[in-house]
Protein chains: 6
Amino acid sequence: MKISVFRKEHFNAAHRLHNPAWSDEMNTNVFGKCNNPNFHGHNYNLIVKVTGEVHPETGYVMDMKVLSDIIKENVLDRFDHKNLNLDVPDFQSLNPTAENIAIVIWQILKEKLDKNLEIKVTLYETERNFVEVPA
Amino acid sequence: MKISVFRKEHFNAAHRLHNPAWSDEMNTNVFGKCNNPNFHGHNYNLIVKVTGEVHPETGYVMDMKVLSDIIKENVLDRFDHKNLNLDVPDFQSLNPTAENIAIVIWQILKEKLDKNLEIKVTLYETERNFVEVPA
Amino acid sequence: MKISVFRKEHFNAAHRLHNPAWSDEMNTNVFGKCNNPNFHGHNYNLIVKVTGEVHPETGYVMDMKVLSDIIKENVLDRFDHKNLNLDVPDFQSLNPTAENIAIVIWQILKEKLDKNLEIKVTLYETERNFVEVPA
Amino acid sequence: MKISVFRKEHFNAAHRLHNPAWSDEMNTNVFGKCNNPNFHGHNYNLIVKVTGEVHPETGYVMDMKVLSDIIKENVLDRFDHKNLNLDVPDFQSLNPTAENIAIVIWQILKEKLDKNLEIKVTLYETERNFVEVPA
Amino acid sequence: MKISVFRKEHFNAAHRLHNPAWSDEMNTNVFGKCNNPNFHGHNYNLIVKVTGEVHPETGYVMDMKVLSDIIKENVLDRFDHKNLNLDVPDFQSLNPTAENIAIVIWQILKEKLDKNLEIKVTLYETERNFVEVPA
Amino acid sequence: MKISVFRKEHFNAAHRLHNPAWSDEMNTNVFGKCNNPNFHGHNYNLIVKVTGEVHPETGYVMDMKVLSDIIKENVLDRFDHKNLNLDVPDFQSLNPTAENIAIVIWQILKEKLDKNLEIKVTLYETERNFVEVPA
């Protein structure tokens with residue numbers, strides 16, 4: 001039987017939603033206050049779900065301390081207290097919506113974790129707006 | 001890759017659980033305190049999950065502001081600060097259990113959202129009792 | 001040194017805000033949606049704070065099980081799954097605002113607890129609206 | 001259409017992570033602070049998800065009061081305020097990781113609930129570490 | 001008897017902690033990651049506490065809808081989705097620490113509310129760091 | 001004007017409530033399930049409130065990173081993943097009730113922080129039982 005384990009982490013960052021291919025007017029129409037050229041920011045809560053078999057010797061799917069360290073080194077150190085648009089290479093040409101941030105995190109973690117494990121990422125931009133990758 | 005976005009909203013309402021085809025005694029036996037003829041009430045927390053592709057130009061599955069407005073106009077304006085049994089036509093002959101309220105909300109939203117999007121509704125009647133439609 | 005202990009409980013109830021000395025129009029103007037004649041409802045979260053000395057033999061200010069039982073017998077059994085306006089004598093001629101409900105609960109508990117203990121009541125009508133008695 | 005209902009409960013317990021087939025050194029390396037021979041403890045939050053059809057006469061998948069009672073009698077009475085390693089037979093030879101505790105709870109509840117209902121168990125060891133059985 | 005009522009609101013903003021009278025090295029030493037010249041951001045949760053007498057005709061200390069509107073017009077419209085350092089005049093020469101943001105909010109609200117009411121502001125920068133003004 | 005800053009931390013521990021001067025029967029009568037000789041445990045949430053003046057050069061009452069480090073070194077390293085009765089000298093002859101744990105933490109932190117700062121400690125034993133020292 002496969003079971004899932006979850007680890008919750010968080011980071012704070014500034015961002016701006018903007019499509020450079022559009023006029024300023026269209027950016028304002030679509031992204032509203034989120035298009036502020038001086039940026040705004042969020043406390044992002046991140047839940048990483050890892051699905052696999054329970055290892056009979058440890059009783060673990062994987063060690064949550066190891067999972068937490070992998071998230072810290074590969075995601076938090078890269079995103080925490082950063083300006084996503086200016087400081088994080090992943091968003092040089094990708095709009096940092098919650099959807100795209102979660103996809104980037106999922107791609108990063110997929111490479112770092114055992115290929116036998118399935119991964120799902122839930123990212124809370126606020127308590128009322130959040131995303132899950134993949135669906 | 002399909003991903004999901006979630007919007008959390010809330011409303012307050014009074015209700016009474018009752019099956020008019022049953023005797024008063026049976027209603028009391030089955031529904032207990034929830035059968036109080038003078039009604040009781042809840043703060044309902046509602047999470048709407050929408051699953052689809054990320055639009056490459058916006059980085060959105062759908063605009064959360066638009067989703068929030070659709071929920072407000074079609075669900076909150078209809079249910080908030082209402083007596084579900086007396087004020088809301090959907091429950092004239094349908095028992096307003098959390099299950100049935102969530103099914104009604106899911107049916108309402110399904111009609112209002114793009115047919116390519118899958119919808120799931122989670123409704124919290126209390127912090128400890130909640131339902132998900134569909135499973 | 002005096003210290004405080006807190007116990008959190010909850011109840012669900014229907015209510016209507018209404019001043020019978022006013023016209024319907026004035027009631028609607030002042031109380032808005034909360035004046036719905038068919039009632040609406042809430043999940044009320046209640047925190048009771050009790051302040052006193054720590055008893056050296058138990059290490060307790062008071063037994064939380066005893067405090068919980070006193071709240072259940074005197075507050076929850078009276079308010080839970082009730083219509084505050086119709087079912088609860090305290091609100092026959094008192095408007096069941098969060099302020100007044102908290103004052104009633106504070107008066108009830110003050111009589112039931114040791115006179116050497118100070119009591120404060122916090123009542124959450126929603127996650128975003130709450131009151132504290134006394135200030 | 002199948003829908004799911006959820007009931008949240010909680011219990012407090014002491015435990016120690018330990019594999020008796022390993023040396024003390026290896027136990028410390030793998031389980032770290034969780035291997036403390038004098039035990040440590042947690043407030044476990046438990047969410048039980050039950051999936052089935054809505055019964056047309058009640059509007060319930062199942063009565064949450066009944067589900068709560070089944071969880072209390074079969075899980076909480078067995079685990080609450082206990083030392084999982086010393087007091088609970090299920091963990092005499094099974095390491096009480098969150099994964100294994102959740103599997104045991106799932107097996108217990110599966111036997112007690114109607115065979116037509118699917119069950120999923122989510123167990124929070126802390127706010128940041130939790131598991132889901134089955135995946 | 002005086003009692004208190006509370007209203008919870010929230011806003012999102014970018015900011016940078018920086019003292020222009022100091023060297024870059026000292027700014028980094030004191031403010032660490034919060035000194036990032038490209039800014040970072042937070043979801044700020046704000047609780048406004050208002051203390052006064054209950055008005056006998058309404059049962060209110062003050063109408064929470066009115067309080068919410070005053071907060072929206074005077075605080076949220078000024079701070080939400082803004083860069084506190086660049087967009088908000090109050091922080092042109094004042095470091096936007098949680099302490100200073102809360103003091104500014106308290107000063108704004110004090111002017112807008114009835115002089116007979118006492119005001120306290122609690123501001124959550126994260127779930128784990130928050131401030132209260134005045135103490 | 002004095003203002004307060006708060007830092008939230010947490011630790012997990014096992015404990016047993018017991019008064020060695022009493023008979024087993026009296027211990028069971030008073031402490032109930034909390035008297036289990038094999039211990040039980042909790043996730044303790046700890047909020048430390050520090051009150052003082054805002055320093056004009058930093059905009060801080062005190063650096064939250066420094067406060068967090070002081071709590072970690074003096075409280076969490078001593079209590080986390082421990083058996084309070086067996087592993088922590090403070091409770092060799094003091095009953096580890098929430099009240100007494102909070103008093104010990106308050107005494108520890110008072111010695112480590114600047115004498116001009118007032119300190120208050122809130123300790124959550126569960127979400128529903130918590131204490132504040134001093135009152």
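What comes next concerns the included structure. It should be emphasised that the depicted structure is a prediction, and the values quoted were computed from it without experimental measurement.

Our focus in this paragraph is the overall build of chain A. The helix and strand tally for chain A stands at four helices and five strands. Listing each helix as α and each strand as β along chain A from the N terminus yields β-α-β-α-β-α-α-β-β. Taking the principal axes of its C-alpha atoms as reference, chain A extends roughly 60 × 25 × 25 Å. Relative to its 135 residues, chain A shows a buried fraction of 62%. For chain A, restricting intrachain contacts to residue pairs at least 6 apart in sequence, the fraction spanning at least 24 positions comes to 66%. For chain A, the accessible area works out to roughly 5600 Å², and carbon and sulfur atoms hold 50% of it. Put simply, chain A has 15 plus and 19 minus side-chain charges, and the middle of one group is 2 Å from the middle of the other.

For the rest of this paragraph, the subject is the relation of the copies chain E and chain A. Mapping chain E onto chain A leaves a residual RMSD of 0.0 Å; the transformation is a rotation of 180 degrees accompanied by 0.0 Å of translation along its axis. A rotation of that kind, with that shift, is consistent with a two-fold axis. A share of 100% of the interface residues of chain E reappears at the interface of chain A, consistent with the copies meeting face to face through the same patch.

Before going further, it helps to examine the packing of aromatic side chains. Residue and element names in this part refer to chain A. By the definition in use, this model includes 42 aromatic pairs over all chains. A ring pair is formed by Trp22 and Phe31, whose centres lie 5.7 Å apart and whose planes are at 20 degrees; its orientation type is stacked. In this pair, the class of Trp22 matches that of Phe31, namely buried. Taken together through their ring pairs, the aromatic side chains of Phe11, Tyr44, Phe79 and Phe91 make up a single cluster.

What follows deals with the interface of chain E and chain A. Of the residues lining the interface, 22 residues belong to chain E; the matching set on chain A comes to 22 residues. Here chain E meets chain A over a buried area of about 1800 Å², counting both sides, of which 45% is carbon and sulfur. Run the count over chain E and chain A and you get 19 residue pairs in polar contact (both at pLDDT 80 or more). In terms of residue count, the dominant contributor to the side of chain E that touches chain A is strand 2 (residues 40–52) of chain E (five residues). Of the residues contributing to the side of chain E that touches chain A, the split by class is five nonpolar, eleven polar and six charged.

Once that is clear, we can look at the side chain of Glu125 of chain A. With respect to the secondary-structure elements, Glu125 of chain A resides in the loop between strand 4 (118–124) and strand 5 (129–133). No salt bridge is formed by the buried Glu125 of chain A; its nearest oppositely charged neighbour, Arg7 of chain B, is found at 8.4 Å. Excluding anything up to four places from it in sequence, Glu125 of chain A contacts His15, His42, Asn43, Tyr44 and Ala98 of chain A together with Asn43 of chain E.

Moving on to the arrangement of the chains. The least C-alpha distance between chain B and chain E, which are not in contact, is 14 Å. The two partners chain A and chain F share no contact, and the minimum distance between any of their C-alpha atoms is 14 Å.

Reading the values: the criteria
- Counting of residues starts from 1 at the beginning of each chain's written sequence and follows it residue by residue.
- For naming, the first written chain is A and the first written ligand is 1, with later ones following in the order written.
- Where local features are concerned, this predicted model is filtered to residues with pLDDT of at least 70; where side-chain atom pairs are given and counted, the filter is 80 or more; whole-chain, interface and lining totals use all residues.
- Side-chain metrics rest on all non-hydrogen atoms present in the structure, leaving aside hydrogens and water.
- Secondary structure elements are taken from DSSP: a helix is a run of H or I of four residues or more, a strand is a run of E of two residues or more, and numbering for both begins at the N terminus.
- Type-normalised accessible area, obtained with a 1.4 Å probe on protein chains alone, sets the label of each residue: buried when under 20%, exposed when over 50%, and partly exposed for intermediate values.
- By the convention used here, residues are in contact when the closest approach between their heavy atoms is within 4.5 Å.
- Only the protein chains shown count as covering a residue, and every accessible area follows the Shrake-Rupley method with a 1.4 Å probe.
- Positive charges come from Lys and Arg, negative ones from Asp and Glu, while His and the chain ends are left out of the count.
- By convention, the point assigned to a charge is CZ for Arg, NZ for Lys, CD for Glu and CG for Asp.
- Least squares is the method used to superpose the copies, on C-alpha atoms of residues holding a pLDDT of at least 70 in both.
- Each Phe, Tyr or Trp ring (for Trp, its six-membered ring) is paired with any other whose centre lies within 6.5 Å, and the angle between the two planes then decides the class: stacked below 30 degrees, edge-to-face above 60, tilted in between.
- Buried surface area refers to the total accessible area, computed with a probe of radius 1.4 Å, that the two partners give up upon joining, counted for both partners together.
- Any pair of nitrogen or oxygen atoms within 3.5 Å is treated as a polar contact; in protein, a donor-acceptor pairing is required on top of that, and neighbouring residues in sequence qualify only through side-chain atoms on both sides.
- The classification used treats Ala, Val, Leu, Ile, Met, Phe, Trp, Tyr, Cys and Pro as nonpolar, Asp, Glu, Lys and Arg as charged, and all other residues, Gly among them, as polar.
- Only one rule defines a salt bridge in this text: a Lys or Arg side-chain nitrogen within 4 Å of an Asp or Glu carboxyl oxygen.

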